[in-house]
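Chain and residue survey
Here is how the chains run, residue by residue.
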Amino acid sequence: MNIHTPDLNLEPSRDDAAQALALLRRYIAGAGDGDLAAVDPDLVALRDGMPYPDLARDYPDGFVADAAYRATLPDLQNGPASLIRGENRAIQHVGISNFRLPLRYRSRGVGDLMLETSVTGTVSLEAGKKGINMSRIMRSFYVHAEKSFSFDVIEAALDDYKTDLGSFDARIMMRLSFPVKMDSLRSGLSGYQYYDIALELIEVQGLRQRLLHLDYVYSSTCPCSLELAEHARRTRGQLATPHSQRSVARLSVQMKPGRSLWFEDVIDLCRAAVPTETQVMVKREDEQAFAELNAANPIFVEDAARLFAEQLHADPRIGDFRVLASHQESLHSHDAVSVLTEGATFASQSLDPALFASLHHAG
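Remember, it's a predicted structure, so these values are computed and weren't measured experimentally.

A few points about the packing of helix H8 (residues 263-273) against helix H10 (residues 301-314)
Working note: a packed helix pair is described by the angle between its axes plus the distance between those axes. H10 packs onto H8 with a crossing angle of 135 degrees between their chain directions and a minimal axis gap of 9 Å. In terms of orientation, H8 lies oblique with respect to H10. The handedness of the crossing between H8 and H10 is right-handed. Along its contact with H8, which presents Leu269, Cys270, Ala272 and Ala273, the element H10 presents Leu307, Phe308, Gln311 and Leu312. For the contact of H8 with H10, the per-class residue count stands at seven nonpolar, one polar and no charged.

Quick look at unusual backbone geometry
Within the chain, Asn98 stands out as a residue other than glycine whose phi angle is a positive 60 degrees. Turning to its location among the elements, Asn98 is positioned in strand S1 (residues 91-106). The phi angle at Gln205 is positive, at roughly 55 degrees, despite the residue not being glycine. Accessibility expressed as a relative area gives 72% for Gln205, which makes it exposed.

Topic: the pairing of strand S2 (residues 112-125)
Among the 14 residues of S2, 10 are classified as buried, and the element is accordingly described as predominantly covered. Direction of pairing for S1 relative to S2: antiparallel, over a ladder of 12 bridges. By the bridge assignment, Leu103 is partnered in S2 with Leu115. Between S1 and S2, which pair antiparallel one after the other, the connecting turn spans five residues, and Gly111 there sits at a positive phi close to 85 degrees. Of the pairings in the sheet, the one linking S2 to strand S4 (residues 170-183) comprises seven bridges and is antiparallel in character. Residue pairing for S4: Thr117 is matched across the bridge by Leu176.

Concerning the sheet that holds strand S3 (residues 148-149)
Read from one edge to the other, the open sheet built from nine strands follows the order S3-S1-S2-S4-S5-S6-S7-S8-S9, with strand pairing classed as mixed. Because the sheet does not close on itself, it has two edges, and the strands there are S3 and strand S9 (336-342).

Description of helix H9 (residues 284-296)
Across its 13 residues, H9 extends 19 Å between first and last C-alpha, which sits within 8% of the 18 Å expected from 1.5 Å per residue. Those residues of H9 that fall on the buried side of the exposure criterion are Asp286, Ala289, Phe290 and Asn294. An end-on view of H9 places all buried positions within 140 degrees of arc, on one side of the element. Exposed residues pointing more than 90 degrees away from the buried face of H9 are listed as Arg284, Gln288 and Ala296. On the buried face of H9, the contacting elements are strand S6 (207-221).

Thoughts on the environment of Ile28
Mapped onto the elements of the fold, Ile28 is located in helix H1 (residues 14-30). When the C-alpha positions of Ile28 and Leu46 are compared, they lie 8.5 Å apart, and in sequence the two are 18 residues distant.

Here's the deal with helix H6 (residues 151-165)
Relative to the 21 Å expected for 15 residues at 1.5 Å per residue, H6 spans 21 Å between its end C-alpha atoms, a close match to the ideal helical length. Within H6, the full set of buried residues consists of Phe151, Val153, Ile154, Glu155, Ala157, Leu158, Tyr161, Lys162 and Leu165. Once H6 ends, the next one or two residues include Gly166, with phi positive near 60 degrees.

What to know about the pattern of salt bridges
What the rule picks out here adds up to 17 salt bridges. Of the charged contacts in the structure, one is a salt bridge between Arg89 and Glu87, with a shortest N-O distance of 3.8 Å. No difference in accessibility class separates Arg89 from Glu87, as the two residues are exposed. A salt bridge links Arg210 to Glu155, with the nearest nitrogen and oxygen atoms 2.9 Å apart. One end of the pair, Arg210, is in strand S6; the other, Glu155, is in helix H6, with 55 residues separating them in the sequence. Of the residues examined, Glu155 reaches a relative accessible area of 19% and is grouped as buried. Beyond isolated ion pairs, a larger network of salt bridges with shared partners links Asp152, Glu155, Asp159, Glu203, Arg208 and Arg210.

Some details on the packing of helix H5 (residues 135-143) against H6
H6 packs onto H5 with a crossing angle of 145 degrees between their chain directions and a minimal axis gap of 9 Å. Like other packed secondary-structure pairs, H5 and H6 cross with a definite hand, here right-handed. On H6, the residues touching Arg136, Ile137, Ser140, Phe141 and Val143 of H5 are Ala157, Asp160, Tyr161, Asp164 and Leu165. In the contact of H5 with H6, the residues fall into six nonpolar, one polar and three charged.

What counts as what
Residues numbered from 1 in each chain as written. Predicted model: local features only at pLDDT ≥ 70, side-chain atom pairs only at ≥ 80, totals over all residues. Heavy atoms only, no water. Axes fitted to C-alpha atoms, helices over the stretch in contact; angles between N-to-C directions. Helix = DSSP H or I, 4+ residues; strand = E, 2+ residues; numbered from the N terminus. Parallel < 35°, antiparallel > 145°, perpendicular 65-115°, else oblique. Left-handed = near helix turned anticlockwise from the far one by under 90°. Contact = heavy atoms within 4.5 Å. Nonpolar A, V, L, I, M, F, W, Y, C, P; charged D, E, K, R; others polar. Buried < 20%, exposed > 50% of the residue type's maximum accessible area, 1.4 Å probe, protein only. Pairing = 2+ DSSP bridges. Expected span 1.5 Å × (residues − 1). Arc of directions from axis to C-beta. Salt bridge = Lys/Arg side-chain N within 4 Å of Asp/Glu carboxyl O.

See the structure below:
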């Protein structure tokens, strides 16, 4: 049997020497005396004796970075494991956050909408790998930027950068503000309500999940306060008003495979559960109607979580889900909050310390 092994005695080329020298100089410039001495004591003397180069100070407008030049550029993120700092272990997520670009989305009734989108894209990083080229995530999105975005397109973008980066697990989250025209209660006016929405695609150990997150802003009139106000009117002839406040619920849902779920479908589901959504265009008759609507639908934060869950559980397109609700009190100096989950996807013993603070609606 003949076994052929690579010839390890090949003479290094001039380019090989130039790359090695450039890497050595970079290492020497940032390393301490102890690190240099551990590699070779002569490196300390080499560093101290390195002349300061006479560098050009004018920007070279005409310089072209051709393929041969690009091949000489150092790439520390793809360097050997010896360059890893800290513990050499796997990282679950590494990538980019708040990369923004305009993307086209499908809507249920008014055609495509071009909306500014904030993208978070991450991949897993194995132990033994220094890092990733994060610009590849952004380039993957620009390849698909002219398409109408759906989860199928998001999956294609994830496939691209997962392949480019040679990673096992990956995640994409896309955040946007989605406009829907909303009619007033009685005056016949209409205006745009904006919904904070996030689309999340997760792949872990070859299994993918499609998740949708939507913030719904509504008014919550306290049932207890309503009864006490009516008691004051009835028993003492005392004018009293119940307290109500702007409230926010974040619904996170797992979409079942092969099912289509429009943004507007989730909004309709929210309105069916809690009809006291905040209003856009309001005249006096609308304000009176809203007061009547709130009186007909008084709600504690516990009620809100269960009413949203009832609607989510009844929709065959939705699997696991989570409801976060925050009633930002006008009576108390603190908020009333609730969390309700269904299934393993969103179950967690620990909560982000800033989770409920993120439910404050900026308007």
